[in-house]
Amino acid sequence: PSRIFMAPPRSRSQHEKPASSGKVKVPPPPPGGGASGKSKKRKADGDDLHLNLTHPGPSATPFEILATLPFLSALVSFTKDGAAGAGGGGSASLGGAGAGSAGASAHGMTSETIREVVDKGPDDIRLEIEAAVLAVVKSILGNQAIQAGTDAAASGEQAAASGGGGSGFAYMVPSRGNANQLYIPELDRIVLRDKVTPRPFGQVGTVRKCALTTRVLQLIHELCLKRIHVTKRDLFYTDVKLFVDQRDSDNILDDVSCMLGCTRSSLHVVASEKGVVVGRLRFEEDGDAIDCTKMGVGGKAIPPNVDKVSKMESDALFILLVEKDAAFMRLAEDRFYNKYPCVIVTAKGQPDVATRLFLRKLRRDLCIPVLALVDSDPYGLKILSVYSSGSKNMSYDSFNLTTPDIKWLGVLPSDLDAFNIPEQCRLKMTDADIKTGQDLLKEDFVQARPEWVKELQLMVKRKVKAEIQALSSFGFQYLTEVYLPRKLKEGGWI
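Presented here is a report on the structure given in the accompanying data block. (Residues numbered from 1 in each chain as written. Predicted model: local features only at pLDDT ≥ 70, side-chain atom pairs only at ≥ 80, totals over all residues. Heavy atoms only, no water.)

### Considerations on the packing of helix α14 (residues 431-441) against helix α16 (residues 450-462)
- Put simply, α14 and α16 touch, their axes get as near as 10 Å, and they point 155° apart. Compared by their axis directions, α14 and α16 come out roughly antiparallel. Like other packed secondary-structure pairs, α14 and α16 cross with a definite hand, here left-handed. Listed contacts from α16 to Ile434, Gly437, Gln438, Leu440 and Leu441 of α14 are Val453, Leu456, Gln457 and Val460. (Axes fitted to C-alpha atoms, helices over the stretch in contact; angles between N-to-C directions. Helix = DSSP H or I, 4+ residues; strand = E, 2+ residues; numbered from the N terminus. Parallel < 35°, antiparallel > 145°, perpendicular 65-115°, else oblique. Left-handed = near helix turned anticlockwise from the far one by under 90°. Contact = heavy atoms within 4.5 Å.)

### Description of α14
- What α14 keeps buried is the set Asp433, Ile434, Thr436, Gly437, Leu440 and Leu441. Down the axis of α14, the buried side of the element spans an arc of 160°, and every buried residue falls inside it.
- Elements that come into contact with the buried residues of α14 comprise α11 (378-389), α15 (444-447), α16 and β20 (464-465). (Buried < 20%, exposed > 50% of the residue type's maximum accessible area, 1.4 Å probe, protein only. Arc of directions from axis to C-beta.)

### Some details on the packing of α11 against α16
- For the pair α11 and α16, interaxial distance at closest approach is 11 Å and the crossing angle is 160°. One element, α11, and the other, α16, form an angle in the roughly antiparallel class. For the element pair α11 and α16, the recorded crossing hand is left-handed. Between α11, through Pro378, Leu381, Leu384 and Ser388, and α16, the contact on the second element is made entirely by Trp452, Leu456 and Met459.
- A class-by-class count of the residues in the contact of α11 with α16 yields 6 nonpolar, 1 polar and no charged. (Nonpolar A, V, L, I, M, F, W, Y, C, P; charged D, E, K, R; others polar.)

### Some remarks on the nonpolar core
- By size, the foremost hydrophobic cluster in this structure holds 45 residues, and its most contacted members are Leu281, Phe358 and Leu362.
- Leu331, Leu371, Ala470 and Leu471 belong to the second-largest nonpolar core, a separate cluster that totals 32 residues. (Core = buried A, V, L, I, M, F, W, Y, C linked by side-chain atoms within 4.5 Å.)

### Re the pattern of salt bridges
- The full count for this structure, using the stated rule, is 34 salt bridges.
- Of the charged contacts in the structure, one is a salt bridge between Arg208 and Asp248, with a shortest N-O distance of 3.5 Å. You can see Arg208 sitting in helix α4 (residues 207-226) and its partner Asp248 sitting in helix α7 (residues 246-260), a full 40 residues away along the chain.
- Given the relative accessible area of 37%, Arg208 is considered partly exposed.
- Note that Lys232 and Asp250 form a salt bridge whose closest N and O atoms lie 3.9 Å from each other. Separated by 18 residues along the polypeptide, Lys232 in helix α5 (residues 232-237) and Asp250 in helix α7 bring together distant segments of the chain.
- When its relative accessible area of 16% is taken as the criterion, Asp250 is described as buried.
- Several salt bridges converge on common partners, so that one network encompasses Asp123, Arg126, Glu130 and Arg227. (Salt bridge = Lys/Arg side-chain N within 4 Å of Asp/Glu carboxyl O.)

### Observations concerning the sheet that holds strand β14 (residues 309-313)
- If you trace the 3 strands from one edge of the open sheet to the other, you get β12-β11-β14, paired in antiparallel fashion. Because the sheet does not close on itself, it has two edges, and the strands there are β12 (288-291) and β14. The mean angle between the axes of side-by-side strands here comes to 20°, regardless of whether they run parallel or antiparallel.
- Sheet analysis places strand β11 (residues 282-285) next to β14, joined by 3 bridges and oriented antiparallel. For Glu285, the partnering residue across the bridge sits in β14 and is Val309. (Pairing = 2+ DSSP bridges.)

### So, the side chain of Thr403
- Along the chain, Thr403 falls in the loop between α12 (398-401) and β18 (407-410).
- Within the structure, Thr403 has its side chain in polar contact with the backbone nitrogen of Arg360 (distance 3.4 Å).
- In this structure, Thr403 is in contact with Arg356, Leu359, Arg360, Arg363, Val370, Tyr387 and Ser388, ignoring residues within four places of it in sequence. (Polar contact = N/O pair within 3.5 Å; in protein donor to acceptor, adjacent residues only side chain to side chain.)

### Things to note about the pairing of strand β4 (residues 169-174)
- Where burial is concerned, most of β4 is hidden: 6 out of the 6 residues are buried.
- In β4, alternate side chains face the same way, and those of Phe169, Tyr171 and Val173 on one face and Ala170, Met172 and Pro174 on the other are all buried.
- Bridge analysis of β4 against strand β7 (residues 196-200) gives 5 bridges, and the strand direction is antiparallel. Paired with Pro174 across the bridge in β7 is Val196.

### What to know about the environment of Lys442
- Structurally, Lys442 can be placed in the loop between α14 and α15.
- Residue classification places Lys442 among the exposed residues on the basis of a relative accessible area of 60%.
- Taking C-alpha positions, Lys442 is 9.5 Å from Val453, a pair spaced 11 residues apart along the chain.

### Quick look at a nonpolar patch on the surface
- Together, Val133, Val137 and Leu141 line one region of the surface with nonpolar side chains, adding up to about 240 Å² of accessible area.
- In this fold, Leu141 is placed in helix α2 (residues 122-150).
- The class of Leu141 is partly exposed, set by a relative accessible area of 48%. (Patch = residues over 30% accessible without salt bridge, like charges linked within 9 Å, V, L, I, M, F, W, Y side chains within 5 Å. Areas by Shrake-Rupley, 256 points an atom, 1.4 Å probe, with all protein chains shown as cover.)

### Re the pairing of strand β17 (residues 370-373)
- Side chains of β17 alternate between two faces, with Val370 and Ala372 and Leu371 and Leu373 buried alike.
- Sheet topology note: the strand β15 (residues 318-322)/β17 ladder contains 4 bridges and is parallel. Among the inter-strand pairings, Ile319 is bridged to a residue of β17, identified as Val370.

Rendered as structure tokens:
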């Protein structure tokens, strides 16, 4: 079942800095282990659940059938009046476990119940979808029985007005709106409150979304049966006339993931390859040995199915997270990772799910710090915050998609003066840039970092921004030969 819990405060334990060669200073390693470089497979909650099905008998009702499925009987609830405006129909609630906030007051936290997801196997996903469909069928049949038995003499017009004919069912969908998002400082990430809203088939405003949800559930059920993976684009093209726009199918996919209480990768739907990695890293991908020091300038594409990556080994001192492909290419071509042992990762702009999962796995398995190199503008800081604190769109899976304690290495707004960046390389911020910066200053995850606030305030006050490529005004290799070496030696990260 999905994890719904009240998160405890973050540990405040101190960690010693690793021995330094005198050339590079690195932040303290992450908590939870030494730098053994060996892969550690995380056991997801619920992995120890086993199905023990018993035959309910030929005359069993759908509810009795569901009761024979371990943990599924608690995941699917039936109500006669749960869906407002759906003709008195029932509702199918998927993936929701119990909720609780025990111990919240003891930790001095606001009493909030949050929803998070876990990895699940294809059999678990398939059975939960089947349970949801049984719930829908029972709701429809229940409506018809109630209408037939309430008043046998009622006219056909009165029966239709009461919502019969299969209109009385609804999905209970966790709300992913901004009002349902919550930043927890103790976890340093954005999470999703445990609030659900009905998505009835019998209402004009939700009938299309309800149909899309049913279609996506059908497709995912097929994928789990065949045990194959497809891309989000493939999913969209299975029914273009129904989905119309891929953004619609993508949004429904996130809804279904949240409803089932599982990670999106558990649905066997992945995004196309986008991120790349290069540097002092070796691992296995689906049994094939990969050496990222021998991947040339382009690097190794991060696989969309990160679960197939194993046996990570590295002698790197840190992970360098780069916003842009142009800076990544310069670092790879200059073999920066040989001069300063590191692993270099980029998502080429906005971070995708696979790159975020891969970065978290790197940090967890290698136990080395992460330093970020982004543009000196509000959007660079937003990209960094998605890696570190999560995005609101996928807050339900922030546990798996966030990498805690990423250090902002550059380009800091204060670096523009510290490195004497020429005026012609400094760009004037637009009104939209300034508004984005001001909005970021109001975000809890930024306010939790006073040094970030100071740099962002400086940027907004001066109304000046700069890209990483502004460093090229001193020479094309200034980034790798002067800027980064100096920042690393001085410990110039925040």
